[in-house]
Amino acid sequence: MQAITELSINQLRLNEHIEKLAQIGKIGDTGVCRLALTPEDMEGINQVRFWMEKAGLVTRMDAFGNLIGRLEGTDAARPILMVGSHIDSQPYGGRYDGAIGVLGALEAVQCLIEQGIQPSMPIEVIAFCDEEGSRFNKGLFGSRGITNQLEEGELDREDKNGVTRREALASFGCSPSEFTAAVYSPGSIGSYLELHIEQGPVLEAMNAQIGLVTGISGPLWLTVTMKGMAGHAGSVPMGMRHDALAGSAKVIAAFDDLVREDPGAPTVGTVGSLRVFPDSRNIIPEEVSFTVDLRDMEMERRNRLEARLMTLLDDISSGYGLTYTVTEDTNSEPRYCAESMMSIIRSSAEELGITMPELMSGPFHDALALSYVCDYGMIFVRSKDGISHHPSEYSSPEDIALGTEVLYRTVRKMCTSNPPKEAG
């Protein structure tokens, strides 16, 4: 481990915040279930809001369900420096995903306040609503909301209990009639910084506590529905069946083979959710819906794989006597971090005697949405065994503190100087 000078942040306070937030929606010994726009999510928001106000930030919840804590700068006309992440979780998630980005941002800004540093521009610490997308099958809601990237029909999306996003927002006191006013005007956000656990094994394999993110791969989310004909499992001959589940299984297995063809590529593909109707032991499945998650840093390769998946669907549906539909839920190109911000993060780490390894992010983050309106930079914290979206997700207090220290020093440099905005 590299020698580290004394930290400026309050590591004990940061760790206490992480541990206390993890008790809200706790499952098992270490897991968290804090789905977006649920009572557990609201309880978490209220707790973080209390800490924000205690630190000296002025807070508000916007129409998209985002919690925002603001520290005024000496020049209110300058574009905002935004720092944050999310506190919603997966249904069977861990305590660090998203949470360390919000609580690390709060700790960094609280240190500025305690040291009497007033930033040159306003700083906003933000906990974005529904980054995960696990409840309504469409993520980055809050970050896409404030950047005017929402799509038609998003409020009518339903969770597994038939609750629409519109209804869930209303339970938080959020009204779509106020969306327009909550969108940030073009140019009003100057930069965005996000601290996040890596959610992968690269940093651990390199024995590195933290890493510098160079970009986020482009996610494509599809929902495929294959339809056949139900029948009695004991009486319909195999050659006369139109089994939607058997056809879907063929597609899923072939898709997995596709994304494994080039072991050296950063391509990843996942089918993570599947629904069967009528879902009975002795009825041939009539309809199956499953999700497809395809990600890559190269759009050309991702597009080729998508086209091949469509060919698979055609061929297998024909062979099994099925019909199918495909709905596109998310489609984003890869987005690269601003070199100017990467440079500041590097120099902040070098002050601590650290050379950060550089790596891309396979998972998407709120930074992906922000990248369309401003420069962005990200810091990764090592994940034990590369595990995330699981209760056993773990990043050590020391690694989190180090990442937060680099975040703090980066914020301090950015808000006490005027780095040039990267062209393009």
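Along each chain, residues carry numbers from 1 onward, in the same order as the chain's sequence is written. In keeping with the model being predicted, local features are shown solely for residues with a pLDDT of at least 70 and side-chain atom pairs are shown and tallied solely at 80 or more, while totals for entire chains, interfaces and linings include all residues. For side-chain calculations, the full set of non-hydrogen atoms in the structure is used, while hydrogens and water are omitted.

(A) Just the overall build of the protein, in detail. Numbering of helices and strands runs from the N terminus, with a helix taken as a DSSP run of H or I at least four residues long and a strand as a DSSP run of E at least two residues long. Secondary structure assignment for the protein yields twelve helices and 16 strands. Taking 2.2 N^0.38 as the reference for a compact globule, 424 residues should give roughly 22 Å; the C-alpha atoms of the protein span a radius of gyration of 23 Å, in line with that estimate. Overall, the C-alpha framework of the protein stretches about 80 × 45 × 45 Å when taken along its three principal axes. The buried share among the 424 residues of the protein stands at 55%. Radius of gyration here is computed from C-alpha atoms only, and the compact-globule reference equals 2.2 Å multiplied by the residue count raised to the power 0.38. Here the term buried applies to any residue with accessible area under 20% of the maximum for its type, exposed to any over 50%, and partly exposed to those in between, with areas from a 1.4 Å probe on protein chains only.

(B) Representation of unusual backbone geometry. A cis amide bond, omega 5 degrees, links Phe-277 with the succeeding residue Pro-278. Tracing the chain through its elements places Pro-278 in the loop between strand E11 (274-277) and strand E12 (287-296). In this model, Asn-148 sits at a positive phi of 60 degrees, which is unusual for a non-glycine residue. Take Asn-148: it is sitting in the loop between helix H4 (141-146) and helix H5 (165-171). The class of Asn-148 is exposed, set by a relative accessible area of 61%.

(C) Geometry of the confidence of the model for the protein. Looking at the protein, pLDDT values average 95 and 97% of them are 70 or higher. Confidence of the predictor at the level of single residues is captured by pLDDT, which takes values from 0 to 100. Throughout, a residue-residue contact means that at least one pair of heavy atoms, one from each residue, lies within 4.5 Å. For the stretch residues 419-424, pLDDT sits under 50, and the model shows ten contacts to residues farther than four places along the chain or on other chains.

(D) Fine view of helix H8 (residues 244-259). An ideal rise of 1.5 Å per residue puts 22 Å on 16 residues; H8 measures up with 23 Å between its terminal C-alpha atoms. Among the residues of H8, those classed as buried are Ala-244, Gly-247, Ser-248, Val-251, Ala-254, Phe-255, Leu-258 and Val-259. Down the axis of H8, the smallest arc covering the buried residues is 130 degrees, so these residues share one side. In the core, the buried residues of H8 are packed alongside strand E9 (218-227), strand E10 (268-270), E12 and helix H9 (299-320). In the analysis that follows, any N or O atom pair within 3.5 Å is treated as a polar contact, provided that within protein one partner can donate a hydrogen and the other can accept it, and provided that, for residues neighboring in sequence, both atoms belong to side chains. Structurally, the start of H8 carries an N-cap: the backbone nitrogen of Leu-245 is 2.9 Å from a side-chain oxygen of Asp-243. For a helix, the expected span equals 1.5 Å multiplied by the number of residues minus one. Arc definition: directions from the helix axis to the C-beta atoms.

(E) Region of the structure containing the side chain of Asp-329. Within the secondary structure, Asp-329 sits in strand E13 (residues 323-331). Reaching out from Asp-329, the side chain makes a polar contact with the side chain of Thr-223 at a distance of 2.6 Å. Dropping the residues within four chain positions of it, Asp-329 is found in contact with Asn-137, Lys-138, Glu-151, Arg-157, Trp-221, Leu-222 and Thr-223.

(F) Inspection of the nonpolar core at higher detail. Counting 95 residues, the largest nonpolar core has Val-48, Met-82, Leu-193 and Met-356 as its most contacted members. We call a set of buried Ala, Val, Leu, Ile, Met, Phe, Trp, Tyr and Cys residues a nonpolar core when their side-chain atoms join them within 4.5 Å. Counting residues in hydrophobic clusters, the runner-up holds 20 residues, among them Leu-220, Val-251, Val-288 and Ile-316.

(G) The packing of aromatic side chains, seen in detail. A pair of aromatic rings is counted whenever rings of Phe, Tyr or Trp (Trp by its six-membered ring) have centres within 6.5 Å, and the orientation is called stacked for planes under 30 degrees apart, edge-to-face for over 60 and tilted otherwise. Summed over the entire model, instances satisfying the criterion amount to six aromatic pairs. Seen from their ring centres, Tyr-96 and Tyr-394 are 5.9 Å apart, and the 90 degrees between their planes marks the pair as edge-to-face. In this pair, Tyr-96 sits in the loop between strand E5 (80-86) and helix H3 (99-114) while Tyr-394 sits in the loop between strand E16 (375-381) and helix H12 (397-415), placing the two residues 298 residues apart along the sequence. Classification of Tyr-96 by relative accessible area gives buried; the value is 6%. The class of Tyr-394 is partly exposed, set by a relative accessible area of 34%. Their ring planes at 65 degrees and their centres at 6.0 Å tell us that Phe-128 and Tyr-192 sit as a pair that is edge-to-face. You can see Phe-128 sitting in strand E6 (residues 123-128) and its partner Tyr-192 sitting in strand E7 (residues 189-197), a full 64 residues away along the chain. The exposure class assigned to Phe-128 is buried, which follows from its relative accessible area of 2%. Note on Tyr-192: relative accessible area 0%, which makes it buried.

(H) Highlighting the environment of Pro-391. By secondary structure assignment, the location of Pro-391 is in the loop between E16 and H12. Of the residues examined, Pro-391 reaches a relative accessible area of 11% and is grouped as buried. It is 35 Å that separates the C-alpha atoms of Pro-391 and Met-310, two residues lying 81 residues apart in sequence.

(I) Main features of the pattern of salt bridges. What counts as a salt bridge is simple: a side-chain nitrogen of Lys or Arg found within 4 Å of a carboxyl oxygen of Asp or Glu. Under the counting rule described, the total for this entry stands at 28 salt bridges. In this structure, Glu-53 and Arg-49 form a salt bridge, with 3.8 Å as the shortest nitrogen-oxygen distance. Pair noted here: Glu-53 and Arg-49 are both in helix H2 (residues 39-55), with a separation of four residues, about one helical turn. Residue Glu-53 is classed as partly exposed on the basis of its relative accessible area, which comes to 44%. We classify Arg-49 as partly exposed; its relative accessible area is 26%. One salt bridge connects Glu-298 with Arg-301, and the closest N-O pair in it is separated by 3.4 Å. Salt bridges sharing partners connect three or more residues here, namely Arg-60, Arg-70, Glu-72 and Glu-124.

(J) Up close: the state of the cysteines. Cysteine sulfur pairs qualify as disulfides if the two atoms are within 2.5 Å. Taken as a whole and judged by the stated rule, the model has zero disulfides. Not engaged in a disulfide, the cysteine Cys-111 finds its nearest cysteine sulfur in Cys-415; these two sulfurs lie 12 Å apart.

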